[in-house]
Amino acid sequence: MQSPDKIISRSGIKEGMKALEVGCGSGAFTTFVARAVGDKGEIFALDIQPKMLKQIETKLKRPENKDIKNIHLINGDALNMPFEDNTFDLIYSITVFQELPDKNKALKEMKRVLKPDGILSITEFLPDPDYPLKSTTVKMGTSEGFILNDVEGSFWNYTARFIKPHN
Ligand SMILES: C[S@@+](CC[C@H](N)C(=O)[O-])C[C@H]1O[C@@H](n2cnc3c(N)ncnc32)[C@H](O)[C@@H]1O
């Protein structure tokens, strides 16, 4: 299990943010992020597989998660997201990009729905079988017009953080 706290801090997730998790899966990190953004923040957890969202729904019904009220579950495709332009302060994804059939299209969508100066953070780690190198992830983000802010972590577990420029 990767440390959610570490991923949260590397991703730039802060209290009060309106954040989008792309490819939330069964929500291994979603509840931790929901607590990190707090009552004044919101998490939109998007996944293409309804069965993943069902698992989060079940998790949220557990007594220890009853206090979490700021997660919105969205069944949707990262390549064509059901959100207005300039909606989010931050978008994060954890071991998702290599599953996306058109990464450039997904990045364009992320750029569209992020606010100017918003943060895109991409976390990848081994032993994900599709693990991409840091340099691959950095090139992917910058070639779609994101500005690289930082890459934190190790060879086998890193987060690349980008900023959406104003233009
Ligand atoms: C390897 S899992 C990671 C799940 C979660 N981020 C985690 O770390 O536990 C990848 C997730 O991305 C989702 N996914 C794949 N393609 C997607 C797409 N086009 N749009 C949205 N989600 C997608 C999958 O359904 C799956 O839940």
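The structure we're discussing is the one just above.
Residues numbered from 1 in each chain as written. Predicted model: local features only at pLDDT ≥ 70, side-chain atom pairs only at ≥ 80, totals over all residues. Heavy atoms only, no water.

### Some thoughts on the pairing of strand β4 (residues 88-94)
- Counting buried residues in β4 gives six out of seven residues, a clear majority hidden from the surface.
- In terms of strand pairing, strand β1 (residues 18-22) meets β4 through four bridges, oriented parallel. Bridge assignment links Val 22 to a residue of β4, and that residue is Ser 93.
- In this sheet, strand β5 (residues 114-125) lies alongside β4 in parallel orientation, the contact comprising six bridges. Across the sheet, residue Phe 88 finds its bridge partner in β5, namely Leu 114.
- Assessed by its sense of winding, the connection that carries the chain from β4 through helix α4 (residues 103-113) to β5 is right-handed. (Buried < 20%, exposed > 50% of the residue type's maximum accessible area, 1.4 Å probe, protein only. Helix = DSSP H or I, 4+ residues; strand = E, 2+ residues; numbered from the N terminus. Pairing = 2+ DSSP bridges. Right-handed = clockwise from strand over helix to strand, strands pointing away.)

### Topic: helix α3 (residues 50-60)
- Looking only at α3, the buried set comprises Met 52, Leu 53, Ile 56, Lys 59 and Leu 60. One face of α3 carries all of its buried residues, which in axial projection span an arc of 110°. In this structure, α3 carries Lys 51, Lys 54 and Thr 58 as exposed residues pointing more than 90 degrees from its buried face. (Arc of directions from axis to C-beta.)

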